[in-house]
Amino acid sequence: MTARRLNNWQAVQDEVLRRIHAREWPPGALIPNEADLAVEFGCSRATVNRALRALADSGLLDRRRKAGTRVAAQPVAKATLDIAVIRHEVEGRGQAYGYQRLSRAEAVPPAAVSGAMGTASDRPLLHIRALHLADGRPYAVEDRWINTGVVPLARDEGFETVSANEWLLEHAPYTHGDIAFSAVVLGPEDAGTLDIAPAEAAFAIDRLTRDGPAAVTKVRLLFPPGYQLRTTL
């Protein structure tokens, strides 16, 4: 029994974490239900629920409907990754940033793009290709599709001096998305733009961002060999 009332969800979370780390609740253990914890901690059940949800999201708890909440047997560390402004990334390396818009057009995207974004297969989207530079050398190719039904202001932006990467982060809110990383062998156009041999593997980031259920943008960023991405656990 705790000696004090826990009046907010962060305090409840801290106490649950303490018990997990002290092995009072070892890996795989079923913890008390929300109602019992609310009585013990002297707080509302909603407060307990929020604390447990946060710990489940972090991978420390395994919550199953009708089966209760258990301490994760094999906790999964989750990385936090922010969408970076490439200009800031380059300048943070002490290099001079440059930008070139390669093309801008409204076009019907490939089926894989419209399928991922959930747009009609015959609906045009805004397609932007751009090159980011560091000290005058190719740093990244940005190949992006923008859903102008969600971001109508993009129709009036030429993206000649500001990248879609930077513009969208300022003008288009997003709630969630997904991201994938891979090594890809580029076609002649992308390899030539990055100034690498076509047989060399580039580092690719494929990202789809959403505002609620609607897709905002889908982008592929291509980086030359040697690029490193760092995040925190």
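Residues numbered from 1 in each chain as written. Predicted model: local features only at pLDDT ≥ 70, side-chain atom pairs only at ≥ 80, totals over all residues. Heavy atoms only, no water.

Chemist: Got a minute to help me understand the overall build of the chain in this structure?
Modeler: A tally of helices and strands in the chain yields 7 helices and 8 strands. For 233 residues, the compact-globule estimate of 2.2 N^0.38 gives 17 Å, and the chain exceeds it by more than 25% at 23 Å. Its C-alpha atoms give the chain principal-axis dimensions of roughly 65 × 35 × 30 Å. Per-residue burial over the chain gives 41% buried out of 233 residues. Relative to all contacts within the chain whose residues are 6 or more apart in sequence, the contacts with residues 24 or more apart total 58%. Accessible area for the chain stands at about 12,900 Å²; split by element, carbon and sulfur atoms hold 51% of it. Measuring between centres, the 28 positive side-chain charges of the chain sit 9 Å from its 28 negative side-chain charges. (Helix = DSSP H or I, 4+ residues; strand = E, 2+ residues; numbered from the N terminus. Rg over C-alpha atoms; globule rule 2.2 N^0.38 Å. Buried < 20%, exposed > 50% of the residue type's maximum accessible area, 1.4 Å probe, protein only. Contact = heavy atoms within 4.5 Å. Areas by Shrake-Rupley, 256 points an atom, 1.4 Å probe, with all protein chains shown as cover. Lys, Arg positive; Asp, Glu negative; His and termini not counted. Charge placed at Lys NZ, Arg CZ, Asp CG, Glu CD.)

Chemist: I'm lost on empty space enclosed by the protein in this one. Help?
Modeler: Rolled over the atoms, a probe as big as a water molecule pinpoints where empty space is left. Using the criterion set out here, one finds 1 cavity of 30 Å³ or more in the structure. As a volume, the largest cavity reaches approximately 100 Å³. Around the largest cavity sit Ile83, Arg144, Asn165, Leu168, Leu169, Ala172, Tyr174, Arg207, Thr209, Val216 and Thr217, which together line it. Breaking the lining of the largest cavity down by element, the ones donating at least two residues are α6 (164-171), β7 (201-211) and β8 (214-223). Tallying contributions element by element places α6 first for the lining of the largest cavity, with 3 residues. Here the residues of the lining of the largest cavity sort into 6 nonpolar, 3 polar and 2 charged. (1 Å grid on protein atoms, 1.4 Å probe; cavity = no way out; pocket = protein on both sides within 12 Å on 5 of 7 lines; lining within 4 Å. Points joined across faces, edges and corners; volume = space filled by probe spheres on them. Nonpolar A, V, L, I, M, F, W, Y, C, P; charged D, E, K, R; others polar.)

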